[in-house]
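Chain by chain, the residues run as shown.
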Amino acid sequence: MELLEKDWYSVEPEDTLQAFDVTRDGLNDDEVNKRRQQFGTNELQQKKKRSILKIVFDQFKDVMILVLIAASFLAIIFGGVEYAMGTSSYYIEFINGGVILFIVALNGTIGAIQEVKASNALDALKKIGAPTSRVIRSGKTIIIPTCEIVLGDVVYIEDGSIVPADLRLIESSNLKIQEAALTGESVPVDKKATITYAKQLPMADRKNICYSSSIVTYGNGVGVVVSIGMKTEVGKIATMLNDQKEEESPIKKKLNKVGKILTIVGAVAAAVILIIGFATIDYSTNKSELLRLCIEPVMLAITLAVAVIPEGLPAMATIVMALGVQRMAKKNAIVRKLPVVETLGSATVICSDKTGTLTLNRMTVTTILTSDDILKDKVVTIETAAKERDKYRDIIDCGILCNNAQLDENDPTLTVGDPTEGALLNLGAAFEISYKDLRIEHPRLFEQPFDSNRKRMSSMHKFKDGPFLFTKGAAEELLQKCTHIQTSEGIREKSRADVIAIHKLIHGLSEQALRVLGYAKTKVDENVKVEDLEHDLVFIGLVGMIDPPRKEVINAVKTCHEAGIRTIMITGDHKITAKVIATELGIYAEGNLVISGDELTQMDDKTLNESVRTATVFARVSPADKLRIVKALQSNKEIVSMTGDGVNDAPALKSADIGVAMGITGTDVAKDASDMILLDDNFTTIESAIFEGRRIYRNIQKVIQYLLAGNVAEILLVLVVFVAHAIAIACGNNNLFHEALNPIQLLCINLLTETIPCIALGLDPAEKDIMKQKAHVGGSLFEKGLIRRTIWHGAYLFLISLGAYCLGDFVFAHQGWINSTGDLEKLDGMTLAFLTIAISQVFHSFNQRSDKYSIFSRKNEKNLLLPLLASAAIVITIGLAMISMYADGNNTTRVVNEVLGMNQLTWQGWLITIGIAASVIPAVEFAKLLKIN
C-alpha cells in the first residue's frame with residue numbers, strides 16, 4: 001500500500017476501507033508491523049534546537065560588539081608592545097582592554113540567558129494527544145498506546161475519548177466532538193459517518209472526519225485512520241511551527257540599525273584620526289620612538305571606538321523592558337520574551353481569534369420567547385423575561401429537564417457536558433430555578449436522545465397530574481412535529497399564520513447569528529409505548545443563544561482604534577456569526593471586507609496583500625489561512641499582534657510580531673508558541689499592554705537621545721582635541737592639546753554617570769495622550785526631531801567640555817586652581833573635560849523627561865526616582881575623581897592618575913567646573929521656550 005493523500009471526506013466509508021486494504025475487523029499484526037516500518041509511528045517530530053554554544057556565539061555577531069571586542073584586543077596587544085619597549089606601564093592598557101571585554105561578556109551573558117528558553121510548543125502538542133486508544137485488530141477490540149497506531153487502523157471512540165489520529169468515520173451514533181481548539185467552533189460538532197461530500201470544504205465543515213486531539217463529548221463512532229503523526233491536521237500545525245524562523249523583534253532590529261549607524265560614524269572618525277596621526281609622525285626618529293608614535297593614533301582610535309558605542313544602551317533597554325514586564329505582570333499579562341513589551345507599543349494591527357478571546361467561549365441564552373411573544377413579533381431579552389418568571393416557566397422547565405448537562409460545582413459558569421445544554425441550565429439560574437431541585441422534583445422516566453437525523457431530544461418526566469414529555473431541538477424541524485400551540489389563552493391548534501410568524505422570527509434571530517432552539521411538550525398517557533412519543537406536540541416557545549462578545553472588549557477595541565491600531569477578527573465560525581459579533585464590538589464597519597476561508601483560498605498572495613488593507617473579518621479559516629493572513633499584513637509593513645487560545649492559532653502566534661495567548665482557556669500549544677499570556681483571558685489586558693509598550697518605547701527613545709547626545713560630545717571632543725594636537729605638532733609645538741579622554745574615563749561616563757539616571761528615565765510616567773498618538777512604525781528609533789535634538793544637545797555638551805578642557809590646559813594651572821607638576825600637567829585639560837562632560841550629562845538627564853515641557857512644568861508627571869539617582873551619579877563621579885586626586889602615596893596616586901587621568905582641583909576649580917556643567921539645563925530650557933528644541 002502506498003501512502004495516500006486525498007480529501008477523505010469525499011470518499012465513501014466502504015471505499016475508504018478498500019483504499020487502505022482493511023476490513024471492519026481491522027488489521028492483523030503482520031500488516032501493522034509492515035505499515036509501521038513503511039510509514040513510521042503516530043508521533044509528532046520536533047526540529048533540532050540550537051545548542052547553548054550556538055546561542056552564546058550568536059550574542060557576539062552584532063557589529064557594535066565586534067568593534068568593542070576588536071578594540072579590547074588591540075588595546076591589550078599594543079599595550080603589551082609598549083610595555084616590552086619600556087615606553088608604557090602595561091597594566092594601563094590591560095585594564096582598558098579587560099574592562100571593555102568584561103562589558104562585552106556581560107551583555108552577551110544577559111542575551112544568552114534570555115534566549116536559552118527552548119520552545120515547548122511541540123511538546124505541548126504531544127501532551128494533548130491521547131496516551132492510549134481503543135483499536136480493532138483481527139476482530140478484537142484492544143487498548144494500545146496512541147503512538148502505535150498505524151495508517152488503516154480501525155479505531156473506536158466514545159464519550160470522553162481523545163481522538164488519536166485523523167479518522168474517516170465508517171460508523172457513528174449520536175457522535176459529537178469538541179473541535180474548538182483546532183477549528184474555532186465554539187460548540188461540539190455533530191459527526192456522521194454516512195455523509196459524503198462532493199466539493200472541497202474547509203476543515204470545520206467536514207462532518208465525517210474526526211481530527212487528532214479533538215475530544216468526544218457525546219455518542220460513539222468507529223473510524224479508519226487516514227493520517228498519523230505529522231500528516232494529521234495537528235501534525236501540519238506542528239510542521240508550520242517547525243518551519244517558522246525566529247524573527248528579530250522590532251526593538252532589536254531598531255537597536256541594531258542604531259548600532260550600524262554608530263559603527264559607521266566611529267569608523268569614519270577613527271579613519272580620520274589614523275590618517276592625521278600617521279601623517280604627522282616624524283618618520284626620521286629611532287625605531288623605538290617611531291613605534292611609540294605609531295601606536296598613539298591607534299590607541300586614540302580605540303578610544304574613539306569606545307566613545308562612539310553606547311555600551312549602556314543594550315543593558316538599559318533590557319532593564320527598561322524588564323521593569324515593564326514586572327508592571328505588566330501585575331495587570332495579568334505574563335511576558336515570555338522580553339522585547340515583547342516594546343513590540344506591543346509598536347503594534348499597528350491586532351489579529352484576534354473570536355472564540356474565547358473576543359467572546360466568552362460560553363454559549364449564553366440572550367432571547368426567550370413564548371408563543372404570545374412570537375405572534376406579537378416581540379423579541380424579549382432575559383433581563384425583561386426574568387421579571388415575569390411564571391410566564392416563561394414551561395420553557396425553563398423544558399430546558400432543564402430535557403437536558404443531560406451539569407454545572408461545575410466549583411465554577412457554575414463551566415459546564416460538564418454539552419455547552420448548549422449548559423447555557424439552558426444557566427438560563428434557569430437567571431430565573432432563580434435550581435436545576436438539581438427541579439430534576440429531583442420531576443424525575444426522568446424515559447429519554448429519547450438527540451441525534452443528527454431528528455435534530456432533537458425528548459425526555460419524559462413525572463408530574464402530579466401524570467407524565468409529561470418535553471422536547472427541544474432545531475426549531476423548524478421541531479415545529480413540523482407540533483400540531484398545537486400554547487398561548488396565554490390556552491392550548492389551540494396551530495394555524496398557517498402561526499407557522500409563518502414562527503418561521504419569520506426564527507429567520508430574524510438567525511440573521512443576528514443566534515442559534516435558535518424550539519421547545520414543545522405534551523401530556524403522555526402512562527400506558528403509551530415509549531418508542532414513538534414525538535408527535536402531536538404542543539409548541540411552547542423559542543430561545544436564541546450565542547457565544548456572546550465580552551462587553552469590556554468594546555471599549556478596548558475603541559481605544560485601540562483611537563491609538564491607530566486596527567483590530568481584525570479571525571475565526572473558524574460562520575461568516576454571518578463573525579460579522580454580527582464584529583459589528584457589535586466595533587471591529588466591522590461599512591466599507592470593510594468580510595472574507596471567508598473559501599474566498600481566501602481562491603486568492604493569490606498579491607490579491608490577499610491588497611485585501612488585508614481593508615478586511616476586518618476572516619471567517620471559516622484554517623490554521624494555514626491564519627498564517628497567510630499574518631504574513632500578508634507583515635508584507636504591508638504592519639506590526640502584527642495575534643491573539644488566540646487554540647491549537648489552530650499556534651503557527652500564526654509564532655509567526656506574528658507578537659503572539660498573545662489566553663491563560664485560562666488557552667491550550668498549552670498556544671501558550672508555548674506565544675510571546676505573552678493573558679492570565680485573565682481578557683482582551684482589555686492587551687490595551688494595558690499596548691499602553692505599557694508605548695510608554696517603554698518612548699522611554700527607550702529618551703534613553704537613546706540622552707546617551708547619544710553624550711556620545712556625540714565625546715566623539716567631537718576626542719576628535720577635535722586630537723586634530724588640534726596634530727596642528728600644534730605641525731606648527732612645532734608638542735606640548736599643546738594632549739589626550740582629551742582615555743578609554744577608562746569614557747567607560748566610567750558611559751556605564752556609570754550616564755547609565756544610573758537612565759534607569760529613572762526608563763521608569764518615567766507615560767504622557768497623558770500616549771494612546772491617542774500614532775503607533776511607532778518603521779525601522780528606526782529616530783523619529784522626527786530626535787536626530788536634531790541629539791545633535792544639538794551633543795554639540796552643546798561638546799562645546800562646554802571643550803571649553804573646560806581649554807580652561808584646564810591654559811587657565812587653571814596659572815590661577816592655582818589645579819595642582820599638577822611635570823608630566824602630570826598634560827592631565828589638566830583631561831581632568832576638567834572628564835568632570836564637565838560627566839556631571840553635565842547627569843544634569844542633562846532632567847532635560848530628557850520632555851521635549852516640549854519645562855522640567856518645572858506641572859504637565860510632567862512626578863518622577864521622584866530621577867533626582868535620587870541623579871544625585872547618586874554625581875556622588876559616584878565626584879567620588880571617583882576624589883579617589884584619583886587625593887589617594888595616599890605617590891605610587892598609588894600615579895597609578896590611579898594614569899588610569900583615570902585626574903589632577904587635584906581647588907574649591908574654586910570645583911565650583912567653576914560644576915557651574916559649567918549645570919549650564920546645560922538653562923540652555924535646553926531656553927530652546928524649549930523658543931520651541932526650537
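For clarity, every value in this text was computed on a predicted model and none was experimentally measured.

Trainee: Could you clarify how one ought to interpret the overall build of the protein in this entry?
Mentor: Each helix and strand counted, the protein has 36 helices and 27 strands in total. For the protein, with 933 residues in total, the buried portion stands at 55%. Long-range pairs, those at least 24 residues apart, make up 73% of the contacts in the protein between residues at least 6 apart in sequence. Total accessible area on the protein is roughly 39700 Å²; 57% of this is exposed by carbon and sulfur atoms.

Trainee: I would appreciate a short explanation of helix α21 (residues 551–562) in the present structure.
Mentor: Residues lying three or four places apart along an α-helix face the same way, a consequence of the helix completing one turn every 3.6 residues. Among the residues of α21, Val 553, Ala 556, Val 557, Thr 559 and Cys 560 are the ones counted as buried. Across the axial projection of α21, the buried residues extend over an arc of 160 degrees, all falling on one side. Summarising the geometry of α21, the exposed residues directed more than 90 degrees from the buried face are Lys 551, Asn 555 and Lys 558. In the core, the buried residues of α21 are packed alongside β9 (349–353), α13 (354–358), β20 (566–570), α22 (575–585) and α28 (684–730).

Trainee: Sorry, what's going on with the sheet that holds strand β8 (residues 333–335) here?
Mentor: Each strand in a sheet pairs with its neighbour through backbone hydrogen bonds, running either in the same direction (parallel) or in the opposite one (antiparallel). Ordered by their spatial adjacency, 8 strands build an open sheet running β8-β25-β24-β23-β9-β20-β22-β21, and the pairing between neighbours is mixed. What marks the edges here is a single partner per strand, and that holds for β8 and β21 (593–596). Sheet twist, expressed as the average angle between the axes of neighbouring strands with direction ignored, equals 20 degrees. Relative to strand β25 (residues 676–678), strand β24 (residues 658–662) runs parallel, the two being bridged by 3 bridges. Looking across to β25, one finds that Met 662 is bridged to Leu 678.

Trainee: Got a minute to help me understand the side chain of Arg 168 in this structure?
Mentor: Following the sequence through the fold, Arg 168 ends up in strand β4 (residues 166–178). Notably, Arg 168 is buried but unbridged: the nearest opposite-charge side chain belongs to Glu 12, and the N-O separation is 5.0 Å. Engagement of the side chain of Arg 168 in a polar contact is seen with the side chain of Thr 196, the distance being 3.3 Å.

Trainee: Mind showing me how you'd approach unusual backbone geometry here?
Mentor: Residues other than glycine predominantly adopt negative phi, and peptide bonds predominantly adopt the trans conformation. In this model, Ser 213 sits at a positive phi of 85 degrees, which is unusual for a non-glycine residue. Locating Ser 213 in the fold gives a position in the loop between β6 (209–210) and β7 (215–227). Even without being glycine, Asp 536 reaches a positive phi, approximately 50 degrees. Note on placement: Asp 536 falls in the loop between β18 (515–523) and β19 (537–546). A residue is classified by how much of its surface remains accessible, and Asp 536, at 45% relative accessible area, is partly exposed.

Trainee: In this structure, what is going on with the packing of aromatic side chains? I would like to understand it.
Mentor: Each aromatic ring pair is specified by the distance between its two centres and by the angle formed by the two planes. Inspection of every chain in the model, using the stated rule, returns 5 aromatic pairs. A ring pair is formed by Trp 8 and Phe 20, whose centres lie 4.8 Å apart and whose planes are at 40 degrees; its orientation type is tilted. Taken together, the residues span a long stretch of sequence, with Trp 8 in the segment before α1 (13–19) and Phe 20 in the loop between α1 and α2 (29–39) at a distance of 12 residues. For the residue pair Trp 8 and Phe 20, the accessibility class agrees, reading buried in each case. Clustering of aromatic rings is evident, with ring pairs tying together Phe 463, Phe 468 and Phe 470. In this structure, Lys 176 packs its charged tip against the face of Phe 450, placed 4.4 Å from the ring centre.

Trainee: Can you help me understand the pattern of salt bridges in this one?
Mentor: This model, assessed by the stated rule, comprises 31 salt bridges. For the salt bridge of Asp 377 with Lys 504, the shortest nitrogen-to-oxygen distance reads 3.9 Å. Here Asp 377 is found in the loop between α14 (371–375) and α15 (382–385), whereas its partner Lys 504 is found in helix α20 (residues 496–511), with 127 residues between them in sequence. In this structure Asp 377 comes out as partly exposed when scored by relative accessible area, which is 45%. Here Arg 628 ties to Asp 605 by a salt bridge, and the two come within 3.1 Å at their closest N and O atoms. With Arg 628 in helix α25 (residues 623–635) and Asp 605 in helix α24 (residues 605–611), this residue pair connects regions lying 23 residues apart in the sequence. We classify Arg 628 as partly exposed; its relative accessible area is 23%. Connected via shared salt-bridge partners are Glu 14, Arg 24 and Glu 171.

Trainee: Where do I start with the pairing of strand β17 (residues 490–493) in this structure?
Mentor: Along any regular strand the residues' side chains alternate between the sheet's two faces. Pairing of strand β16 (residues 482–487) with β17 involves 4 bridges; the strand directions are antiparallel. Across the sheet, residue Ile 485 finds its bridge partner in β17, namely Arg 492. With antiparallel pairing between neighbouring strands as the criterion, β16 and β17 make up a hairpin whose turn holds 2 residues.

Trainee: How should I be thinking about the packing of helix α16 (residues 393–401) against helix α17 (residues 419–430) in this particular structure?
Mentor: The relative placement of two packed helices is expressed as an angle between their axes plus a distance between the axes. In contact at an axis separation of 8 Å, α16 and α17 are set at 140 degrees when each is read in the N-to-C sense. By the angle between their axes, α16 is oblique relative to α17. Viewed along their axes, α16 and α17 form a crossing whose handedness is left-handed. Taken together, the residues of α17 that come into contact with α16 (itself represented by Ile 396, Gly 399 and Ile 400) are Leu 424, Leu 425, Leu 427 and Gly 428. Residues that form the contact of α16 with α17 fall into these classes: 5 nonpolar, 2 polar and no charged.

Trainee: What exactly am I supposed to notice about a nonpolar patch on the surface here?
Mentor: Where nonpolar side chains cluster on the molecular surface, the patch consists of Phe 926, Leu 929, Leu 930 and Ile 932 and spans about 450 Å² of accessible area. Residue placement: Leu 930 occurs in the segment after α36 (920–929).

Trainee: I would appreciate a short explanation of helix α29 (residues 743–753) in the present structure.
Mentor: The buried fraction of α29 amounts to 9 of the 11 residues, a majority that puts the element mostly inside the structure. Residues of α29 that are buried: Pro 743, Ile 744, Gln 745, Leu 746, Leu 747, Cys 748, Ile 749, Asn 750 and Thr 753.

Trainee: When you look at the pairing of strand β3 (residues 154–158) in this model, what are you seeing that I'm missing?
Mentor: Here 3 bridges tie strand β1 (residues 132–137) to β3, and the two strands are oriented antiparallel to one another. Looking at β3, one finds that Ile 136 is bridged to Val 154. By the bridge criterion, 5 bridges tie β3 to β7 in an arrangement that is antiparallel. By the bridge assignment for β7, Val 154 is matched with Val 224.

Trainee: Whenever I open this one, the environment of Ile 595 confuses me. Can you help?
Mentor: Looking at where Ile 595 falls in the secondary structure, it is placed in strand β21. Judged by its relative accessible area of 3%, Ile 595 is buried. Residues Ile 595 and Ala 615, 20 residues apart in the sequence, show an inter-C-alpha distance of 7.2 Å. Apart from the residues lying within four places of it in its own chain, the contact partners of Ile 595 are Leu 600, Met 603, Ser 611, Ala 615, Val 617, Phe 618 and Ala 619.

Cut-offs and rules
Residues numbered from 1 in each chain as written. Predicted model: local features only at pLDDT ≥ 70, side-chain atom pairs only at ≥ 80, totals over all residues. Heavy atoms only, no water. Helix = DSSP H or I, 4+ residues; strand = E, 2+ residues; numbered from the N terminus. Buried < 20%, exposed > 50% of the residue type's maximum accessible area, 1.4 Å probe, protein only. Contact = heavy atoms within 4.5 Å. Areas by Shrake-Rupley, 256 points an atom, 1.4 Å probe, with all protein chains shown as cover. Arc of directions from axis to C-beta. Pairing = 2+ DSSP bridges. Axes fitted to C-alpha atoms, helices over the stretch in contact; angles between N-to-C directions. Lys, Arg positive; Asp, Glu negative; His and termini not counted. Salt bridge = Lys/Arg side-chain N within 4 Å of Asp/Glu carboxyl O. Polar contact = N/O pair within 3.5 Å; in protein donor to acceptor, adjacent residues only side chain to side chain. Phe/Tyr/Trp six-rings, centres within 6.5 Å; stacked < 30°, edge-to-face > 60°. Lys NZ or Arg CZ within 6 Å of the ring centre and 35° of its normal. Parallel < 35°, antiparallel > 145°, perpendicular 65-115°, else oblique. Left-handed = near helix turned anticlockwise from the far one by under 90°. Nonpolar A, V, L, I, M, F, W, Y, C, P; charged D, E, K, R; others polar. Patch = residues over 30% accessible without salt bridge, like charges linked within 9 Å, V, L, I, M, F, W, Y side chains within 5 Å.

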